[in-house]
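Residues per chain are reported as follows:
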Amino acid sequence: MPARPGRGQKVTDLPGPVHNGGWLRFDGSRLPEERGARFVQLGRLDLAEKALKSALDSTALAKGTSYRRRGSVLVDLALIGARRHDAEQAVVHGREALQLARQSGSGYVARRLQTLRDDLRSHGRDRRVAELAADIGSLHAT
């Protein structure tokens, strides 16, 4: 069953820029990443991947902008790879998220990476996955 746009999507239909002055730290640009994260939680990996890739391609999450938001999306994409037993996807996105966590010192991204590490345990003896899991383990969440 295809996903229907929710009520939150209507915020992007308003004329002019969507912004609340920063108090709630929300604007319409966050909808794809939030939608993707919820689809990951629901196990709807196909829908999650589409939404998360859309978020990653947006100017709001361009490289060098928001380490925390970009890192979170990358962790979700890596989780999708881990749950599909796609080591390549898990490692590529997991490594980029790990790099962002180290560059920014973001405890949030580090904690999200710990959940990825738990999911990586199902990959058996894949060397790349084991190295990523070890590197995540050496990262200290603050």
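Residues numbered from 1 in each chain as written. Predicted model: local features only at pLDDT ≥ 70, side-chain atom pairs only at ≥ 80, totals over all residues. Heavy atoms only, no water.

### Focus on the pattern of salt bridges
We count it as follows: A carboxyl oxygen of Asp or Glu within 4 Å of a side-chain nitrogen of Lys or Arg is what we treat as a salt bridge. Elements are defined by DSSP. Helices are runs of H or I of four residues or more, strands are runs of E of two residues or more, and each kind is numbered from the N terminus.
Taken as a whole, this structure holds twelve salt bridges when the rule is applied. Two residues, Arg 84 and Glu 49, come together in a salt bridge whose shortest N-O distance is 2.7 Å. With Arg 84 in the loop between α3 (67-83) and α4 (87-104) and Glu 49 in helix α2 (residues 45-57), this residue pair connects regions lying 35 residues apart in the sequence. Here Arg 127 and Glu 131 are joined by a salt bridge, their closest N and O atoms 3.2 Å apart. You can see Arg 127 and its partner Glu 131 sitting in helix α6 (residues 127-138), four residues apart, about one turn around the helix. Via salt bridges that share partners, Glu 49, Lys 53 and Arg 84 belong to a single interconnected network.

### So, the packing of α3 against helix α5 (residues 107-120)
Convention followed: Comment: axis = line fitted to C-alpha atoms, over the contacting stretch for helices; angle = value between 0 and 180 degrees taken between N-to-C directions. Geometric relationships in this document are graded by angle, where less than 35 degrees denotes roughly parallel, more than 145 denotes roughly antiparallel, 65 to 115 denotes roughly perpendicular, and other angles denote oblique. When checking whether two residues touch, look at their non-hydrogen atoms; a contact exists if any pair is within 4.5 Å. The nonpolar class holds Ala, Val, Leu, Ile, Met, Phe, Trp, Tyr, Cys and Pro. Asp, Glu, Lys and Arg form the charged class, and all remaining residues, Gly among them, are polar.
Packing of α3 against α5 brings their axes to within 9 Å, and their N-to-C directions diverge by 5°. Compared by their axis directions, α3 and α5 come out roughly parallel. Here α3 contributes Tyr 67, Arg 68, Gly 71, Ser 72, Val 75, Asp 76, Ala 78, Leu 79, Ala 82 and Arg 83 to the contact with α5, which in turn contributes Tyr 108, Val 109, Arg 112, Leu 113, Thr 115, Leu 116, Asp 119 and Leu 120. Of the residues in the contact of α3 with α5, the class split is ten nonpolar, three polar and five charged.

### A look at the side chain of Gln 89
In plain terms, the rule: Burial classification: accessible surface area is computed with a 1.4 Å probe over protein chains only, and a residue below 20% of its type maximum counts as buried, one above 50% as exposed, and the rest as partly exposed.
Turning to its location among the elements, Gln 89 is positioned in helix α4. Relative accessible area serves as the criterion here: at 10%, Gln 89 is assigned to the buried category. When near neighbours in sequence (up to four residues on either side) are disregarded, Gln 89 contacts Glu 49, Leu 77, Ala 78, Ile 80, Gly 81, Arg 84 and Gly 94.

### Here we look at α6
Formally: The length a helix should cover is 1.5 Å for every residue beyond the first. The arc in question is traced by the directions running from the helix axis to the C-beta atoms.
The end-to-end C-alpha separation of α6 is 17 Å, in line with the 16 Å expected for twelve residues at 1.5 Å each. Considered for burial, the residues of α6 that qualify are Val 129, Leu 132, Ala 133 and Ile 136. Angular distribution of buried residues about the axis of α6 spans 100°; they occupy a single face of the element. As for α6, its buried residues are in contact with α4 and α5.

Remember, this is a structural readout, not a statement about activity or role.
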